[in-house]
Amino acid sequence: MMAIVVDLDVQLAKRGLSVGEFAEAVGITPANIAVLKNGRAKAVRFTTLDAICRTLDCQPGDVLRWVPDDAER
């Protein structure tokens, strides 16, 4: 299981952005935002990560974090 968590909900809430507004600003579909948020994404392009960070005025570590798998604990 992938142990990278995407914390977009917190960042969107802090800025009062809806998923639709955020998706439009980043240039990806709301469905792909949902894929990121629910942990189903297999990869994130650097161009997408750049657009996310520009839109949210944040660093990659503000939206991505690593959590150890159960087997590693």
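Residue numbering note: each chain is counted from 1, following its sequence as written. Note on the predicted model: pLDDT of at least 70 is required for a residue's local features to be given, and 80 or more for side-chain atom pairs to be given and counted; whole-chain, interface and lining totals, by contrast, use all residues. Excluded from the side-chain calculations are hydrogens and water; all other atoms, namely the structure's heavy atoms, are used.

*Asks:* Where do I start with the packing of helix α2 (residues 19-26) against helix α4 (residues 46-56) in this structure?
*Replies:* For any two helices packed against each other, the geometry comes down to the angle between their axes and how far apart the axes lie. Between N-to-C directions, angles span 0 to 180 degrees; the directions come from axes that are lines fitted to C-alpha atoms, helices contributing only their stretch in contact. Runs of E in the DSSP output that reach at least two residues are strands. Runs of H or I that reach at least four are helices, and both are numbered from the N terminus. The geometry of α2 relative to α4 is characterised by a closest axis approach of 9 Å and an angle of 120° between their N-to-C directions. The angle between the axes of α2 and α4 places the two elements in the oblique class. Judged by the twist between their axes, the crossing of α2 over α4 is right-handed. Taken together, the residues of α4 that come into contact with α2 (itself represented by Phe22, Ala25 and Val26) are Thr48, Ala51, Ile52, Thr55 and Leu56. Residues of the contact of α2 with α4, tallied by class, amount to 6 nonpolar, 2 polar and no charged. Throughout this description, any angle smaller than 35 degrees is read as roughly parallel, any larger than 145 degrees as roughly antiparallel, any in the 65 to 115 degree range as roughly perpendicular, and the remainder as oblique. We call a crossing left-handed when the near helix sits turned anticlockwise from the far one by less than a right angle, and right-handed when that turn is clockwise. A contact between two residues is defined here by any heavy atoms of the two lying within 4.5 Å. Basically, the charged four are Asp, Glu, Lys and Arg, the nonpolar ten are Ala, Val, Leu, Ile, Met, Phe, Trp, Tyr, Cys and Pro, and anything else, Gly included, counts as polar.

*Asks:* Can you walk me through the nonpolar core in this structure?
*Replies:* A general trend in soluble globular proteins is that nonpolar side chains are found buried together. We define the nonpolar core as a collection of buried residues of types Ala, Val, Leu, Ile, Met, Phe, Trp, Tyr and Cys that are connected through side-chain atoms lying within 4.5 Å of one another. Buried means the residue's accessible area, taken with a 1.4 Å probe over protein chains only, is under 20% of the maximum for its type, while exposed means over 50%, and partly exposed covers the values in between. Counting residues in each nonpolar core, the largest one holds 15 residues, and the members touching the most others are Leu8, Phe22, Ile52, Leu56 and Val63. For this core, the secondary structure elements donating two or more residues are α1 (8-15), α2, α3 (30-37) and α4. Looking at which element gives the most residues to this core, the answer is α4, with 5 residues. Not counting residues within four places of it along the chain, the set of residues in contact with Phe22 comprises Leu8, Leu12, Leu17, Ile33, Ile52, Thr55 and Leu56.

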